[in-house]
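Listed here are the chains, written in short residue letters.
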Amino acid sequence: QVQLVESGGGLVQAGGSLSLSCVASGLTFSRSAMGWFRQAPRKEREFVTAINWSGATAYYADSVKGRFTISRDNARNTVYLQMNSLKPEDTAVYYCAAREYADVYVPPRDRDGYEFWGQGTPVTVSS
């Protein structure tokens, strides 16, 4: 079975940094696109960033561009999210998502395009 396990969430002051990790198992990680989404209370789950199967291409929401960096290590079946210059509005539960390769185009920002999801790790940014 596919499992995505996030870690690294916590409490950080505004302007600080935090690193999240997502370890995947049960899927061919090196052929999977990976993404990070976040969901604040009473809000829809929103796209944060995504990375293609090889790590050559990354996508970012405008709200995090220049502050967040996604990366992956296929040898470790792990995708990372480095978050810098954090703002209170970044407070949310952060979810890791995965989509295995298929011969169809799926927009990387599309929440419904991801097959598998982790349980999430909460991030709280204090002002």
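Up top is the structure these notes are about.
Residues numbered from 1 in each chain as written. Predicted model: local features only at pLDDT ≥ 70, side-chain atom pairs only at ≥ 80, totals over all residues. Heavy atoms only, no water.

1. What to know about the environment of arginine 111
Short version of the rule: Runs of H or I in DSSP of at least four residues are treated as helices and runs of E of at least two as strands, each being numbered from the N terminus. Three labels apply to residues, based on accessible area from a 1.4 Å probe with only protein chains included: buried if under 20% of the type maximum, exposed if over 50%, partly exposed otherwise in between.
With respect to the element layout, arginine 111 can be found in the loop between strand 9 (92-100) and strand 10 (116-117). Arginine 111 gets classed as partly exposed once you look at its relative accessible area, which sits at 30%.

2. Digging into the packing of aromatic side chains
The line we're drawing: Ring geometry is summarised as follows: Phe, Tyr and Trp rings, the Trp one being its six-membered ring, pair when their centres sit within 6.5 Å, and such pairs are stacked at plane angles under 30 degrees, edge-to-face over 60 and tilted between the two. A ring is scored as having a charge over it whenever the NZ atom of a lysine or the CZ atom of an arginine sits within 6 Å of its centre and within 35 degrees of its normal.
Counting across every chain of the model gives four aromatic pairs. With a centroid separation of 5.3 Å and 75 degrees between ring planes, the pair formed by phenylalanine 37 and tyrosine 114 is classed as edge-to-face. A residue pair is termed long-range when its members are at least 10 positions apart, and phenylalanine 37 in strand 4 (residues 32-39) and tyrosine 114 in the loop between strand 9 and strand 10 qualify at 77 residues. Both residues of the pair, phenylalanine 37 and tyrosine 114, belong to the buried class. Taken together, the ring pairs in this structure connect Phe37, Phe47, Tyr114 and Trp117 into an aromatic cluster. The ring of phenylalanine 29 has arginine 72 lying over it, and the distance from NZ or CZ to the ring centre is 4.4 Å.

3. Examining the nonpolar core
Spelled out, the test is: Working definition of a nonpolar core: buried Ala, Val, Leu, Ile, Met, Phe, Trp, Tyr and Cys residues. They are joined through side-chain atoms within 4.5 Å. Note on definitions: a residue-residue contact is assigned when non-hydrogen atoms from the two residues lie within 4.5 Å.
In this structure, Leu20, Met34, Trp36, Phe68, Val79, Met83 and Tyr94 are the most contacted members of the largest nonpolar core, which totals 32 residues. Within the residue set of this core, elements represented by two or more residues are strand 3 (18-25), strand 4, strand 5 (46-51), strand 7 (68-73), strand 8 (78-83), strand 9 and strand 11 (121-126). When residues of this core are assigned to their parent elements, the largest contribution, five residues, is made by strand 9. Those residues in contact with phenylalanine 68 that lie beyond four places of it in its chain are Arg38, Val48, Tyr60, Leu81, Gln82, Met83, Asn84, Leu86, Asp90 and Tyr94.

4. Structural notes on the environment of valine 125
Tracing the chain through its elements places valine 125 in strand 11. A sequence separation of twelve residues divides valine 125 from glycine 113, and the C-alpha atoms of the two residues are 29 Å apart. Apart from residues lying up to four places away in sequence, valine 125 is in contact with Val12, Gln13, Ala14, Leu86, Lys87, Pro88, Asp90 and Thr91.

5. A word on the sheet that holds strand 8
Strand pairing in a sheet relies on backbone hydrogen bonds. The paired strands run either parallel or antiparallel. Convention followed: Strands are treated as partners if at least two bridges between them are detected by DSSP. Whenever a helix is involved, its axis is fitted only over the stretch in contact; in every case the axis is a line through C-alpha atoms, and angles between N-to-C directions fall within 0 to 180 degrees.
Ordered by their spatial adjacency, four strands build an open sheet running 1-3-8-7, and the pairing between neighbours is antiparallel. Strand pairing shows two members of the sheet lacking a second neighbour, strand 1 (3-7) and strand 7, which therefore form its edges. In this sheet, neighbouring strand axes are inclined to one another by 15 degrees on average, regardless of whether the strands run parallel or antiparallel. As paired strands, strand 3 and strand 8 are joined by six bridges and run antiparallel to one another. Note that in strand 8 the partner of leucine 20 across the bridge is leucine 81.

Honestly, that's just the spatial picture; any functional story needs more than this.
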